[in-house]
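Take a look at the letters that make up each chain.
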Amino acid sequence: MKKLLIVVDFQNDFVDGALGFDHAKTLEKRIVELIKEYKENGDDLIYTLDTHQTNYMETEEGRHLPVVHCIEGTHGWELYGEVKDLLKDDLCFKKETFPSLDLANYLKDKEYESVLLVGLVSHICVLSNAIMVKAALPNTPISIDLSATSSAFSDTHEKSIDVLKSMHIEMINE
């Protein structure tokens, strides 16, 4: 049985763009290592793209997070660094809000040995997608690599980790 790696929103705007933060850049090396490892082992890879349109500020999210980011087709919307080239042929789910219902629906008929999530931002999109994956694959071990996810807000990051642990999602590289 295969393993699955999900790279969540490792996009320019979350690394060094509109919502970027210094620590995000340091995650690239570990994410690249994992992508290469999963590809070498013949495992599956999926990535998500936070995807907004030019009317972002008029959306529910835009009213609560009034920072224009990840506008489809812009540089900020694209995957960051080497990750962009490594994932160009893999399955992508564009999502207009935090979790991807399409990803959850896609996974619900699949079987995996395990699922590992990495990417940005830990307390929003990684958290919400991990919960969706857990709902779609309730008997599959789900993990998050803490050396490959982060947030600009360490306190909120830690709280989200606690919530995920309470849902039986394992944290690795603590």
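Residues numbered from 1 in each chain as written. Predicted model: local features only at pLDDT ≥ 70, side-chain atom pairs only at ≥ 80, totals over all residues. Heavy atoms only, no water.

Visitor: Explain helix α7 (residues 122-136) to me, using residue names and the numbers behind them.
Guide: Between the first and last C-alpha of α7 there are 20 Å, a value that for 15 residues agrees with the 21 Å anticipated at 1.5 Å per step. Within α7, 12 of the 15 residues are buried, which leaves the element mostly enclosed by the surrounding structure. Looking at the buried residues of α7, the elements they touch are β1 (3-8), β3 (91-95), α6 (101-107), β4 (114-120), β5 (142-150) and α8 (154-166). (Helix = DSSP H or I, 4+ residues; strand = E, 2+ residues; numbered from the N terminus. Expected span 1.5 Å × (residues − 1). Buried < 20%, exposed > 50% of the residue type's maximum accessible area, 1.4 Å probe, protein only. Contact = heavy atoms within 4.5 Å.)

Visitor: Mind laying out the pairing of β5, listing which residues take part and the relevant values?
Guide: Of all 9 residues that make up β5, 8 are buried, and the element is covered over most of its length. Note that β4 and β5 share 5 bridges and pair parallel. The residue bridging L120 from the neighbouring strand is S150, located in β5. In the classification by handedness, the crossover that spans β4, the intervening α7 and the parallel β5 is right-handed. The sheet contact formed by β5 and strand β6 (residues 170-172) spans 3 bridges and is parallel. Bridge pairing in β6 places D145 opposite I172. Taken together, β5, α8 and β6 constitute a β-α-β crossover, and its handedness is right-handed. (Pairing = 2+ DSSP bridges. Right-handed = clockwise from strand over helix to strand, strands pointing away.)

Visitor: Please give an account of the packing of α7 against α8 that cites residues and values.
Guide: Across the interface, α7 lies against α8 with an axial gap of 9 Å and an inter-helix angle of 10 degrees. In terms of orientation, α7 lies roughly parallel with respect to α8. On α8, the residues that touch S122, H123, L127, A130 and I131 of α7 are T156, H157, S160, V163 and L164. The class makeup of the residues in the contact of α7 with α8 is 5 nonpolar, 5 polar and no charged. (Axes fitted to C-alpha atoms, helices over the stretch in contact; angles between N-to-C directions. Parallel < 35°, antiparallel > 145°, perpendicular 65-115°, else oblique. Nonpolar A, V, L, I, M, F, W, Y, C, P; charged D, E, K, R; others polar.)

Visitor: Talk me through the layout of surface pockets; I want residue IDs and the actual numbers.
Guide: Within this model, the largest pocket holds a volume of roughly 230 Å³. The wall of the largest pocket is formed by 18 residues, among which F14, L19, L65, V121 and I124 lie closest to the centre. Its residues assigned to classes, the lining of the largest pocket shows 11 nonpolar, 4 polar and 3 charged. Put simply, the second largest pocket is a space of about 150 Å³. What lines the second largest pocket is simply T51, H52, Q53, N55, Y56, T59, E60, E61, E96 and T97. When its residues are assigned to classes, the lining of the second largest pocket shows 1 nonpolar, 6 polar and 3 charged. (1 Å grid on protein atoms, 1.4 Å probe; cavity = no way out; pocket = protein on both sides within 12 Å on 5 of 7 lines; lining within 4 Å. Points joined across faces, edges and corners; volume = space filled by probe spheres on them.)

Function-wise, these values are silent; they only describe arrangement.
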